[in-house]
Protein chains: 2
Amino acid sequence: MLEAAIDFVDRFGIGELSMRKLGASLQVEGMALYRYVRSRDELLDAMVDRLLDQLYADPEVLLRPEDDWQAFLRRVAGGIRRMALEHPQIFPLIATRHRAAPWIRPPLRSLRWIEGFLAALLSRGFSEDAAVYTYRAFGSFLVGHLLLEVSAEGVDPVTAAVDPGSASADGASLDLSAFPTLTRLADRLAVEDLSEEFEHSLGNLLERLEEARARLA
Amino acid sequence: MLEAAIDFVDRFGIGELSMRKLGASLQVEGMALYRYVRSRDELLDAMVDRLLDQLYADPEVLLRPEDDWQAFLRRVAGGIRRMALEHPQIFPLIATRHRAAPWIRPPLRSLRWIEGFLAALLSRGFSEDAAVYTYRAFGSFLVGHLLLEVSAEGVDPVTAAVDPGSASADGASLDLSAFPTLTRLADRLAVEDLSEEFEHSLGNLLERLEEARARLA
DNA sequence: ACCTGAACACCGTTCAAGT
DNA sequence: ACCTGAACACCGTTCAAGT
């Protein structure tokens, strides 16, 4: 049923998710869902938790004996990015929904994840300060880069379904005539390879984290 | 009326914003609002635009003759952060709402802002490539750091109003006993000064941007 | 020019009643 | 144990009608 909710949102977007419609997709009246979940709000939280748990179980993000910390961070970053792109409608929830404590930093927002992440760093020789510093910087990095990426491609299916003709999302129709610098740079702005940008920025982050690690050793 | 909507959301949260209630706060039936706005959705977009326009008019974020590019970026970063903290309920919209073109990167997401930002960098000797690179990196940085900050303090007023007793947002009540590393690092995790972290990370970003600027000169 | 009232098709949620 | 039907208090949105 959680899976059904995730599928539903992936397909139609969060705006379309109602208890009644989700029920219908399960051949049941919407009211029946209250057997499994206390409210729609709790359902959204449960979806977020589920995705995080799924990712945690992904062997690709597991710390391997031969991994140094940088390899591990690349592994996790790749896994989170894959998840974000697979569920572009849900990732914003991971970034923005209320957290149980202020020190929980999206997108690694389950206790299990934070535990595993910090333990991995400590096992690779990080000081406690350096591990915490890295946890924070890594989270902000991922949110900053991935939220953007999913909301870029995330043509809100609600609008798209209602009015399939208005897909001017490429911005070709934007009137830049009042903005000379924008006009001048339009070609350069249009060229973006977000995969490449992500890898490049991740490389930068790892360098910066290495400096911090040494400083906080 | 836009102002009223922004006030309303600042006070009660976006979940509480309905056309009828916003109307009531203006001594009018909700249906009257459709004179000024085509839909609730458009209203949210208009609120986002308004905040960005307000910020654009803030003399604190204006490029000054004596500013080098780093001073300018600090100015803008400070202004955006102030805005985010003043409107923690609205900032997530700035980060996540549908954009007119994929190269528009939150939070500097109005054409006016992008124009001004890029022109300022060019005026300080940036190459076109370096200016675009900086625009992108700066946006991701701000979203990554500020979204976090506003959703940390953003005790969702919807929930809070209904159930003022459940304010366990400090996480003191979280059961960490199954997570030894978390338990060990709990004290360190709890200590966070997000202002300081923001300034520190901004400093890092400026260094990295200086390298990129030189490389892309 | 601006607002209201009634209406329509939806919501989330509760709860007694069914099987 | 699990689901349904009816009900309640809401939504966004349209539109004819009022002033």
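Preceding this paragraph is the structure being described.
These numbers come from a predicted model, not from an experiment. (Residues numbered from 1 in each chain as written. Chains lettered and ligands numbered in written order. Predicted model: local features only at pLDDT ≥ 70, side-chain atom pairs only at ≥ 80, totals over all residues. Heavy atoms only, no water.)

Regarding the interface of chain A and chain B
With 58 residues of chain A at the interface, the matching set in chain B holds 58 residues. Buried area between chain A and chain B, summed over both chains or domains, comes out near 5500 Å², and the portion from carbon and sulfur atoms is 60%. Between the two partners, chain A and chain B, sit 12 salt bridges. Note that A:E128 and B:R188 form a salt bridge whose closest N and O atoms lie 2.7 Å from each other. (Contact = heavy atoms within 4.5 Å. Buried area = accessible area lost by both parts, 1.4 Å probe. Salt bridge = Lys/Arg side-chain N within 4 Å of Asp/Glu carboxyl O.)

Description of a nonpolar patch on the surface
There is a patch of nonpolar side chains on the surface, built from A:M1, A:L26, A:V28 and A:Y36 and spanning about 360 Å² of accessible area. Looking at the secondary structure, you find A:L26 in the loop between α2 (19-25) and α3 (40-56). (Patch = residues over 30% accessible without salt bridge, like charges linked within 9 Å, V, L, I, M, F, W, Y side chains within 5 Å. Areas by Shrake-Rupley, 256 points an atom, 1.4 Å probe, with all protein chains shown as cover. Helix = DSSP H or I, 4+ residues; strand = E, 2+ residues; numbered from the N terminus.)

Side note on the side chain of A:R136
If you trace the backbone, A:R136 turns up in helix α7 (residues 128-153). Polar side-chain contacts of A:R136 include one of 2.9 Å to the backbone oxygen of B:L189. If near-sequence neighbours (up to four positions away) are discounted, A:R136 is found in contact with A:R105, B:R188, B:L189, B:V191, B:E192 and B:E197. (Polar contact = N/O pair within 3.5 Å; in protein donor to acceptor, adjacent residues only side chain to side chain.)

What about unusual backbone geometry?
Residue and element names in this part refer to chain A. The omega torsion across P106 and P107 is 0°, close enough to zero to call that bond cis. Examined against the element boundaries, P107 turns out to sit in the loop between α5 (91-96) and α6 (111-123). Positive phi is not limited to glycine here, since Q27 has a value of about 60°. For Q27, the location among the structural elements is in the loop between α2 and α3.

Regarding the protein's contact with DNA strand C
Neighbouring DNA strand C are 16 residues, the closest being A:R20, A:K21, A:Y34, A:R40 and B:E29. Those atoms of DNA strand C that come within 4 Å of the protein belong to sugar or phosphate at a rate of 49%. At 2.4 Å from a base nitrogen of DNA strand C is found a side-chain nitrogen or oxygen belonging to A:R20. Broken down by element, the surface near DNA strand C gets its largest block of residues, three residues, from α2(A). (Near = heavy atom within 4 Å.)

Topic: the relation of the copies chain A and chain B
With an axial shift of 0.0 Å and an RMSD of 0.0 Å, the rotation relating chain A to chain B amounts to 180°. Here the symmetry operator amounts to a two-fold rotation axis. Rotation axis and chain A: the residue whose C-alpha lies nearest the axis is A:G144, separated from it by 1.8 Å. When you check the interface residues of chain A against chain B, 100% turn up at the interface there too, and the contact is symmetric in its surfaces. (Least-squares fit on C-alpha atoms with pLDDT ≥ 70 in both.)

Everything listed is a geometric property; what it means functionally is a separate question.
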